[in-house]
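These are the residues of each chain, in order.
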Amino acid sequence: MAKIIDGKKIADSIKNELINEINSLKTKTGKAPGLAVVLVGENPASQVYVKMKGKMCTEIGINSFEYKLSDKTTQDELLKLVKELNSRDDVNGILVQLPLPKHIDEDLILNTINPEKDVDGFHPVNVGRLVTGQDTYFPCTPYGVQILLSKAGYDPKGKHVVVVGRSNIVGKPVAMILVQKKEFADATVTICHSRTKDLSSITKQADILIAAIGVPEFIKKDMVSDKCVVIDVGVNRVDDPSKSKGYKLVGDVAFDEVEKKVEAITPVPGGVGPMTIIMLMQNTLKAFKKHNKI
Ligand SMILES: NC(=O)c1ccc[n+]([C@@H]2O[C@H](COP(=O)([O-])OP(=O)(O)OC[C@H]3O[C@@H](n4cnc5c(N)ncnc54)[C@H](OP(=O)(O)O)[C@@H]3O)[C@@H](O)[C@H]2O)c1
């Protein structure tokens, strides 16, 4: 049986550290970090994420500024709001919840966020800083994966990390973070995707397998070795009439069968998910300290 990597527990311990640090900064400076979260439209999953982010801000002492805009909001109106948030001293971090409605150019909006307030780490300037090893804001989910591995005692140094998925949000940045010549990185990284030939022959070589595919229970036991540490980024809703909501959440890994074989694995929910939100808080605190030269 695999060791279960408890993302909730690790995220809770980071949360306590952040509460203490923010409290002492408030005493010292009389100020608190501020995070603006902008939601356009009524995507149910996005609404849940925005609510969770606001709640977490309140719990740890970050000022939360929520903007819930109708799906009729024009691109110009959204640009105007982002520019206003860029100029506000009480806003250290800006997050525009994706996806945006189709009539709005996502790249244009993300590129308008001041890179110094881009706590989601998606601005091309911050992506460039990440790739070149400069100080930046790491995208929250990939950053959460790195911290999860290090806190659970699985240093990626010298290990073969196989990432399945090459999205700009998860696959590519997690590969870039773990290949860096830095602490808790230094891995040999292979990135796979839907055009990869004989995927199993590569995933079986992984010391650490990161699944970011978006296909429920895609990774099966015959695709991994028994020494593998499996990080399941996937969050998929599948029908389950036995649940009151009518669905359950599963990852991109067939947990029940893979767990019996591998060295360690993250559950879904309770693995990478709780880490993502806490890394957003960590990035907002980092922005606050930078802006206040602390
Ligand atoms: N826990 C969290 O906080 C969190 C945050 C973000 C995302 N997620 C979850 O993580 C998963 C991935 O998200 P994403 O945004 O990266 O998804 P995405 O943009 O849809 O990317 C999926 C990637 O998987 C690859 N892929 C799809 N089918 C494949 C197959 N049969 N074989 C090999 N590769 C395949 C795709 O390859 P191509 O590029 O060739 O199409 C693509 O690169 C989703 O379940 C999402 O809900 C969780």
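Refer to the structure printed above.
Residues numbered from 1 in each chain as written. Predicted model: local features only at pLDDT ≥ 70, side-chain atom pairs only at ≥ 80, totals over all residues. Heavy atoms only, no water.

**Q** Whenever I open this one, the overall build of the protein confuses me. Can you help?
**A** Along its length, the protein carries 10 helices and 11 strands. For 294 residues, the compact-globule estimate of 2.2 N^0.38 gives 19 Å, and the protein sits close to it at 19 Å. Each of the three principal axes of the protein carries a C-alpha extent, and together these read 50 × 40 × 35 Å. Expressed as a percentage of its 294 residues, the buried residues of the protein come to 49%. Summarising the internal contacts of the protein: among those between residues at least 6 apart in sequence, 70% fall at separations of at least 24. Entry remark: accessible area of the protein is about 14300 Å², with carbon and sulfur atoms responsible for 52%. Once the 41 positive and 36 negative side-chain charges of the protein are each reduced to a mean point, those two points are 2 Å apart. (Helix = DSSP H or I, 4+ residues; strand = E, 2+ residues; numbered from the N terminus. Rg over C-alpha atoms; globule rule 2.2 N^0.38 Å. Buried < 20%, exposed > 50% of the residue type's maximum accessible area, 1.4 Å probe, protein only. Contact = heavy atoms within 4.5 Å. Areas by Shrake-Rupley, 256 points an atom, 1.4 Å probe, with all protein chains shown as cover. Lys, Arg positive; Asp, Glu negative; His and termini not counted. Charge placed at Lys NZ, Arg CZ, Asp CG, Glu CD.)

**Q** Would you explain the site of the ligand in this entry?
**A** Close to the ligand lie 20 residues, the nearest being R166, S167, S194, V235 and T276. At 3.1 Å, a backbone N or O of V235 approaches an oxygen atom of the ligand. One of the side-chain N or O atoms of N236 is found 3.5 Å from an oxygen atom in the ligand. Bound to the protein, the ligand loses 69% of the 930 Å² it would expose on its own. When residues of the shell around the ligand are assigned to their parent elements, the largest contribution, 3 residues, is made by helix α10 (residues 272–291). Broken down by class, the residue content of the shell around the ligand amounts to 8 nonpolar, 10 polar and 2 charged. (Near = heavy atom within 4 Å. Polar contact = N/O pair within 3.5 Å; in protein donor to acceptor, adjacent residues only side chain to side chain. Nonpolar A, V, L, I, M, F, W, Y, C, P; charged D, E, K, R; others polar.)

**Q** Please clarify how unusual backbone geometry should be interpreted in this entry.
**A** Residue L98 is joined to P99 through a cis peptide bond whose omega torsion reads 0°. By the element assignment, P99 lies in the loop between β4 (93–96) and α4 (106–112). Cis geometry is adopted by the peptide bond preceding P269, which originates at V268 and carries an omega value of -5°. Despite not being glycine, D198 has its phi angle at roughly 50°, a positive value. You can see D198 is positioned in the loop between β6 (188–192) and α8 (199–203). At E217, a position not held by glycine, the phi torsion is positive, near 50°.

**Q** Hey, could you run me through the sheet that holds β6 in this one?
**A** Picture the strands of a sheet paired through backbone hydrogen bonds; they go either parallel or antiparallel. Across the sheet, 6 strands lie side by side as β1-β11-β8-β7-β5-β6; this open sheet has parallel pairing. The open sheet terminates on both sides in strands that have one partner only, identified here as β1 (3–4) and β6. As paired elements, strand β5 (residues 160–164) and strand β7 (residues 208–211) share 4 bridges and run parallel to each other. The partner of V161 across the bridge, within β7, is I208. (Pairing = 2+ DSSP bridges.)

**Q** Help me understand the pairing of β4, please; the structure alone is not making it clear to me.
**A** In the case of a regular strand, side chains alternate between the two sheet surfaces. A two-sided burial pattern is seen for β4, the buried positions comprising G93 and L95 on one face and I94 and V96 on the other. In the sheet, strand β2 (residues 34–40) pairs with β4 via 4 bridges, with the strands oriented parallel. Paired with L35 across the strands is G93, a residue of β4.

**Q** What should I look at first to understand the packing of aromatic side chains in this one?
**A** For any pair of aromatic rings, the description rests on two quantities: the centre-to-centre distance and the angle between the ring planes. For the coordinates displayed, the defined rule picks out 1 aromatic pair. Note on F138 and Y143: the rings are 5.3 Å apart at their centroids and 85° apart in plane angle, and the pair reads as edge-to-face. What makes Y143 buried here is its relative accessible area of 18%. The ring of F65 is capped by R88, whose NZ or CZ atom sits 4.8 Å from the centre of that ring. (Phe/Tyr/Trp six-rings, centres within 6.5 Å; stacked < 30°, edge-to-face > 60°. Lys NZ or Arg CZ within 6 Å of the ring centre and 35° of its normal.)

**Q** Can you walk me through the sheet that holds β4 in this structure?
**A** Reading across from one edge, β3-β2-β4 is the order of the 3 strands in this open sheet, with parallel pairing throughout. Across the chains shown, the open sheet's two edge strands, defined by having one partner strand only, are β3 (63–69) and β4. Recorded for the sheet is a direction-independent mean angle of 15° between the axes of neighbouring strands. Helix-sheet contacts for helix α3 (residues 75–87) involve β2, β3 and β4, and the interaxial angle to β2 is about 175°. (Axes fitted to C-alpha atoms, helices over the stretch in contact; angles between N-to-C directions.)

**Q** Help me out: how do you make sense of the pattern of salt bridges in this one?
**A** Side-chain pairs of opposite charge can arise whenever the charged atoms involved come near each other. According to the stated counting rule, one finds 12 salt bridges in the structure shown. Two residues, E66 and K68, come together in a salt bridge whose shortest N-O distance is 3.4 Å. Classification of K68 by relative accessible area gives exposed; the value is 59%. A salt bridge links E116 to R129, with the shortest nitrogen-to-oxygen separation between them at 3.2 Å. One end of the pair, E116, is in the loop between α4 and α5 (124–131); the other, R129, is in helix α5, and 13 residues separate them in sequence. (Salt bridge = Lys/Arg side-chain N within 4 Å of Asp/Glu carboxyl O.)

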